[in-house]
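# Analysis of the macromolecular model
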Amino acid sequence: QGLQQQLTQTQAQKNTLANKIKVLQKQQAVLNLQIQATNLQVNELGGQITDTTNSITQNKSRVQDLQSQISGVIRAINQNDKYPFIYTAVSQQKLSDVFGVYENYAQVSRGLSELIKQLGLANDQLSVQKQDLSDEQLAAQNLLSIKTLQQSQLTGSVKDKSTLLVQTKGREADYQATISDT
């Protein structure tokens with residue numbers, strides 16, 4: 001009866017270890033899925049970072065273009081300012097020509113105001129894009145940290161499974177030895 005009890009106990013230990021191995025295999029499957037999900041999120045963020053970087057580059061180019069246009073308008077205004085309005089009024093043959101010159105000057109001034117407004121909007125958008133890029137990069141770093149942690153957990157789970165497999169093999173050998181003794 002002592003041998004039967006030992007056989008039953010050894011079989012129970014073997015079953016317990018087999019169940020622990022199954023639990024670890026499920027944990028490994030879950031961790032592998034989590035790692036895959038994290039990889040997908042990292043890839044998606046990588047695409048977003050690329051898109052944001054491209055938008056920043058385009059916006060910087062637009063800012064430079066607007067600054068160049070503003071410089072041209074300011075040069076035109078400075079050129080017109082070289083001649084006093086009275087000189088311009090006297091130098092024109094008709095009163096309508098004087099109003100035409102004044103209207104041109106007013107259009108240039110309105111154009112300058114519009115360009116400055118667009119430049120302000122472009123700079124605001126650029127600031128938002130830079131913040132978005134910073135946020136995306138931080139999120140990517142966090143995801144990579146999570147992935148590292150998940151991989152570490154998976155490695156630990158694999159080691160635990162290997163240890164349990166060795167123990168199970170040992171219990172199986174004990175079980176077989178007990179059976180052959182009977």
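Here the structure is shown first, and the text comes after it.
This write-up is about the structure you can find in this document. Here the structure is a predicted model, which is why all the values come from computation and not from measurement.

Calculation rules
Residues numbered from 1 in each chain as written. Predicted model: local features only at pLDDT ≥ 70, side-chain atom pairs only at ≥ 80, totals over all residues. Heavy atoms only, no water. Core = buried A, V, L, I, M, F, W, Y, C linked by side-chain atoms within 4.5 Å. Buried < 20%, exposed > 50% of the residue type's maximum accessible area, 1.4 Å probe, protein only. Helix = DSSP H or I, 4+ residues; strand = E, 2+ residues; numbered from the N terminus. Contact = heavy atoms within 4.5 Å. Salt bridge = Lys/Arg side-chain N within 4 Å of Asp/Glu carboxyl O. Polar contact = N/O pair within 3.5 Å; in protein donor to acceptor, adjacent residues only side chain to side chain.

### Focus on the nonpolar core
Counting nine residues, the largest nonpolar core consists of V63, L66, I70, V73, I77, L112, L115, L119 and A122. Only α1 (2–81) and α3 (95–181) provide two or more residues apiece to this core. For this core, the leading source of residues is α1, giving five residues. Residues within four places of L112 in sequence aside, it is in contact with I70, V73, I74 and I77. Formed by eight residues, the second largest nonpolar core is a distinct cluster that contains I49, I56, L126 and L143.

### What to know about the pattern of salt bridges
Enumeration according to the criterion identifies one salt bridge in this entry. In this structure, R110 engages E103 in a salt bridge whose closest nitrogen and oxygen atoms are separated by 2.9 Å.

### Observations regarding the side chain of N59
As for its placement among the helices and strands, N59 is situated in helix α1. On the basis of relative accessible area, N59 is assigned to the buried category, the value being 5%. A polar contact is formed between the side chain of N59 and the side chain of Q129, at a distance of 3.1 Å. Not counting the four nearest positions on each side in its chain, N59 is found in contact with A122, Q125, L126 and Q129.

### Observations concerning the environment of Q27
In this structure, Q27 sits in helix α1. When the C-alpha atoms of Q27 and L17 are compared, they prove to be 15 Å apart, with ten residues separating the residues in sequence.

### What to know about the environment of D135
Within the secondary structure layout, D135 lies in helix α3. Residue classification places D135 among the partly exposed positions, given a relative accessible area of 41%. Each C-alpha atom of the pair D135 and I49 lies 9.5 Å from the other, and the pair is 86 residues apart in sequence. Here the side chain of D135 touches Q131 through a polar contact of 2.8 Å, side chain to side chain.

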